[in-house]
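Each chain, letter by letter, is given below.
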Amino acid sequence: MYSIWKIVEVPIEIVMGVSVVSAGLGYLIAKWTQKKEEYNEVLFFPDGTVSTFQTRQFTNSFTTGSNMEIDGGSSLAKLLSHLRDATVSVDVCVMIFTCHEFASELINLHKSGVKVRIIVDRNNVDAPGCQIGRLREARIPVRGKKQNFIMHHKFALIDSRKVVNGSFNWTGSAVFANNENVVITSNTKIVDKFVEEFEKLWKHHAYN
């Protein structure tokens, strides 16, 4: 009785070629899947879990850039965590910047090699507690042009792949007192629009 199967020797080059093609397809599929996975989150302030910067004990703790321990489940911790996700760049565009915790995070990112750029409303540079001087001392570029109207944006771009946007100015009042909202998304159509807006303003707001 004869077997219908016949062993065929396949050249090693063909086997290797098929393996490379398979690996390549696997990589492309993984990248395509990754692009399809969109991230969306909404945060609200004030956050009752962060009512003070005094030292407390938390089951799920988060250490801020200035070494302050806060509740890891708080909106502040989540927002700061998004900033820490940056590996390439952080572009910030806010009307007023007085919260030292956000300044500490940006300075630490800058020291680690992340490119940080900031646009602020020029009229608020001298506001009490403003962190702009501290950021400039750390050699982080900041721009704010004198103008008759307000630069009223409140958004940040993380690696140009994720945008943080809402009513939230980077101030202590926004964290502890005001009713504020923050939307974080990786939707490329939305993110790309914010990237375009930031680059436009960066050119327009040459400091004077």
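I will try to describe carefully the structure that is included in this document. (Residues numbered from 1 in each chain as written. Predicted model: local features only at pLDDT ≥ 70, side-chain atom pairs only at ≥ 80, totals over all residues. Heavy atoms only, no water.)

The subject of this paragraph is the sheet that holds strand E9 (residues 180-185). Ordered by their spatial adjacency, seven strands build an open sheet running E1-E9-E8-E7-E4-E5-E6, and the pairing between neighbours is mixed. The open sheet has two edge strands, strand E1 (40-45) and strand E6 (142-143), and neither has a second partner. Pairing of strand E4 (residues 89-94) with strand E5 (residues 115-120) involves six bridges; the strand directions are parallel. Within the sheet, the bridge partner assigned to Val92 lies in E5 and is Ile118. Its contacts with the sheet put helix H2 (residues 75-84) on E1, E4, strand E7 (154-158), strand E8 (162-166) and E9, and the angle it makes with E1 is roughly 135°. (Pairing = 2+ DSSP bridges. Helix = DSSP H or I, 4+ residues; strand = E, 2+ residues; numbered from the N terminus. Contact = heavy atoms within 4.5 Å. Axes fitted to C-alpha atoms, helices over the stretch in contact; angles between N-to-C directions.)

Here Phe97 is to be found in the loop between E4 and helix H3 (100-111). Taking the C-alpha atoms as reference, Phe97 lies 8.1 Å from Val125; in sequence the two are 28 residues apart. Setting aside its immediate chain neighbours within four residues, Phe97 contacts Phe102, Ala103, Leu106, Ile118, Gly129, Cys130, Gln131, Ile132, Leu135 and Trp170.

What follows concerns the pattern of salt bridges. Side chains that differ in charge, positive against negative, can pair when their charged atoms come close. In total, this model carries five salt bridges according to the counting rule given. Across the pair Lys162 and Asp85 runs a salt bridge whose closest N-O atoms are separated by 3.0 Å. Of this pair, Lys162 sits in strand E8 while Asp85 sits in the loop between H2 and E4, and the two are 77 residues apart along the sequence. In this structure Asp85 comes out as partly exposed when scored by relative accessible area, which is 43%. (Salt bridge = Lys/Arg side-chain N within 4 Å of Asp/Glu carboxyl O. Buried < 20%, exposed > 50% of the residue type's maximum accessible area, 1.4 Å probe, protein only.)

This next bit is on a nonpolar patch on the surface. Side chains of Val42, Phe44 and Val183 sit close together on the surface and give an oily, nonpolar patch of about 280 Å² of accessible area. By the secondary structure assignment, Phe44 is in strand E1. Assessed through its relative accessible area of 54%, Phe44 is described here as exposed. (Patch = residues over 30% accessible without salt bridge, like charges linked within 9 Å, V, L, I, M, F, W, Y side chains within 5 Å. Areas by Shrake-Rupley, 256 points an atom, 1.4 Å probe, with all protein chains shown as cover.)

In this structure, Phe62 sits in strand E2 (residues 61-63). In this structure, the C-alpha to C-alpha distance between Phe62 and Ser74, residues twelve residues apart in sequence, is 9.0 Å. Leave out the neighbours within four places in its chain, and Phe62 touches Met68, Glu69, Ile70, Asp71, Gly72, Ala77, Leu80, Ser81 and Arg84.

Let's shift gears to empty space enclosed by the protein. Counted according to the given criterion, the structure contains one cavity of 30 Å³ or more. A volume near 50 Å³ is recorded for the largest cavity. Surrounding the largest cavity, Lys154, Phe155, Ala156, Val164, Asn165, Gly166, Phe168, Trp170 and Val182 form its lining. Grouping the constituent residues of the lining of the largest cavity by class yields six nonpolar, two polar and one charged. (1 Å grid on protein atoms, 1.4 Å probe; cavity = no way out; pocket = protein on both sides within 12 Å on 5 of 7 lines; lining within 4 Å. Points joined across faces, edges and corners; volume = space filled by probe spheres on them. Nonpolar A, V, L, I, M, F, W, Y, C, P; charged D, E, K, R; others polar.)

Our focus in this paragraph is the environment of Leu43. The topology assignment puts Leu43 in strand E1. Not counting residues within four places of it along the chain, the set of residues in contact with Leu43 comprises Ser75, Lys78, Leu79, Glu180, Asn181, Val182 and Ile184.

Here we come to the nonpolar core. Within the largest apolar cluster, 40 residues are counted, with the highest numbers of intra-cluster contacts made by Phe97, Phe102, Leu106, Ile118, Leu135, Phe168 and Trp170. With residues near it in sequence (within four places) discarded, Leu106 still touches Val90, Val92, Phe97, Val116, Ile118, Leu135, Ile140 and Trp170. (Core = buried A, V, L, I, M, F, W, Y, C linked by side-chain atoms within 4.5 Å.)

This part covers the pairing of E9. Taken residue by residue, a regular strand's side chains alternate between the two faces of the sheet. Two elements, E1 and E9, share six bridges in a ladder whose sense is antiparallel. From the neighbouring strand, Asn40 faces E9, where its bridge partner is Thr185. Taken together, the four bridges between E8 and E9 define a ladder with antiparallel strand orientation. Within E9, the position partnered with Gly166 by the bridge is Val182.

To continue, consider the pairing of E4. With six of six residues buried, E4 lies mostly within the body of the structure. Residues Ser89, Asp91 and Cys93 of E4 are buried on one face, and the alternating residues Val90, Val92 and Val94, pointing to the opposite face, are buried as well. With H3 bridging E4 and its parallel neighbour E5, the resulting β-α-β unit is right-handed. Pairing between E4 and E7: five bridges, direction antiparallel. Looking at E7, one finds that Val90 is bridged to Ile158. (Right-handed = clockwise from strand over helix to strand, strands pointing away.)

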